[in-house]
Amino acid sequence: MVLEEVAGLLDAPEVRSSDAELLQRDGLTPGTDYMGGRTVTLTMLALDDRELPALLAAFAPGGVERPLEFAFPGVAGGRSRIMARVRKRAVIVDRDFHAGRRRVTVELAATDPRLYSADEARATVAVAVPRGGRPIFPLMFPFDMGNSPTARLAPGIANSGSVDTWPVIRLTPTTGEIRDPSLTLVHDGVRSRFATRGLRVGRGDALVVDMARRRITLNGASRFGQVDPGSAWFALPPGASTLQLDVLEGPDGVTADVLWRSAWM
């Protein structure tokens, strides 16, 4: 099979504008632009009729989004992927078809327009000095707040792409229960904090924070109601960042895994 053409992969996706018309005046009130989905069209040539059924089966329309990996020199780090599904497929039966040149055109629709690194990056962040489960309140004289829960920075949080990418954070305590975990992203001196309140995560429980989907689950059940109202669902900007983990109460050895893919547009 020969891949003849790829269209739409490097095009700018459609823009969703929020500009508003001015009443009884010329012009618009500027709003924020957001990117829409991405449409990628593949034109392929099957030179062996025995391969045609497999090609048609691989690009059957419908279903859920699946990863399409590709490798073009100089494009999105060299080896990348999109999540897409087949929306259209065309096979023309003509003179070329009977001569052994079977052209198949496939249209892929990706709801996320970003091109992601094929390799998922991972880093681990740990609370450097936890509170050890000691309550803070009520305050008693003389004041003894204990060691401050200074967070250890996660190493190697780097988005090598050109646009923001959304991380997934997984926290599974192995030494005991923790209370009210929080995460702080620091990039170029700007801090973005995601915090919880009234949330207890027991030993062996799995807390997952999916920043892209604005979703937080504990053992698969939603805990959205326990997100602090002032929290930011943060993305990783291009370049290097650091991530801090803190807990209000908890034992030693609390860590969280951070997973992300560098992203390009």
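Since the model is a prediction, treat every value here as computed from it, not as a measurement. (Residues numbered from 1 in each chain as written. Predicted model: local features only at pLDDT ≥ 70, side-chain atom pairs only at ≥ 80, totals over all residues. Heavy atoms only, no water.)

On a plain count of helices and strands, the protein chain comes out with 2 helices and 22 strands. Counting the 265 residues in the protein chain, one finds 39% classified as buried. At a minimum sequence separation of 6, the contacts of the protein chain that also span at least 24 residues come to 70%. By element, 51% of the accessible surface of the protein chain is carried by carbon and sulfur atoms, the whole surface being about 15,300 Å². (Helix = DSSP H or I, 4+ residues; strand = E, 2+ residues; numbered from the N terminus. Buried < 20%, exposed > 50% of the residue type's maximum accessible area, 1.4 Å probe, protein only. Contact = heavy atoms within 4.5 Å. Areas by Shrake-Rupley, 256 points an atom, 1.4 Å probe, with all protein chains shown as cover.)

All right, on to the pattern of salt bridges then. For side chains of opposite charge, pairing can occur when their charged atoms come near one another. Applying the stated criterion across every chain yields a total of 10 salt bridges. Here Arg-79 ties to Glu-69 by a salt bridge, and the two come within 3.5 Å at their closest N and O atoms. Pair noted here: Arg-79 is in the loop between strand E7 (66-70) and strand E8 (80-91) and Glu-69 is in strand E7, with a separation of 10 residues, a long-range link. Here Arg-79 ties to Asp-119 by a salt bridge, and the two come within 2.8 Å at their closest N and O atoms. One end of the pair, Arg-79, is in the loop between E7 and E8; the other, Asp-119, is in the loop between strand E10 (115-117) and strand E11 (121-126), and 40 residues separate them in sequence. Taken together, the salt bridges that share partners define one network made up of Glu-69, Arg-79 and Asp-119. (Salt bridge = Lys/Arg side-chain N within 4 Å of Asp/Glu carboxyl O.)

Moving on to the environment of Met-265. Its place among the elements puts Met-265 in the segment after strand E22 (263-264). Taking the C-alpha atoms as reference, Met-265 lies 8.2 Å from Pro-13; in sequence the two are 252 residues apart. Residues contacting Met-265, with those up to four places away along its chain left out, are Pro-13, Met-35, Arg-38, Pro-113, Arg-114, Ser-162 and Val-163.

Looking now at the nonpolar core. The tendency in soluble globular proteins is for nonpolar side chains to be buried as a group. Phe-194, Ile-216 and Leu-245 are the most contacted members of the largest nonpolar core, which totals 28 residues. Elements with a minimum of two residues in this core: E11, strand E13 (168-171), strand E14 (178-187), strand E17 (207-210), strand E18 (215-218), strand E20 (239-249) and strand E21 (255-260). Grouped together as the second largest cluster of nonpolar side chains are 21 residues, Leu-9, Ala-46, Ala-84 and Val-86 included. (Core = buried A, V, L, I, M, F, W, Y, C linked by side-chain atoms within 4.5 Å.)

Glancing now at unusual backbone geometry. The phi angle at Asp-180 is positive, at roughly 50°, despite the residue not being glycine. Mapped onto the secondary structure, Asp-180 falls in strand E14. Here Asp-188, not a glycine, exhibits a phi torsion of approximately 50°, which is positive. With respect to the secondary-structure elements, Asp-188 resides in the loop between E14 and strand E15 (190-195).

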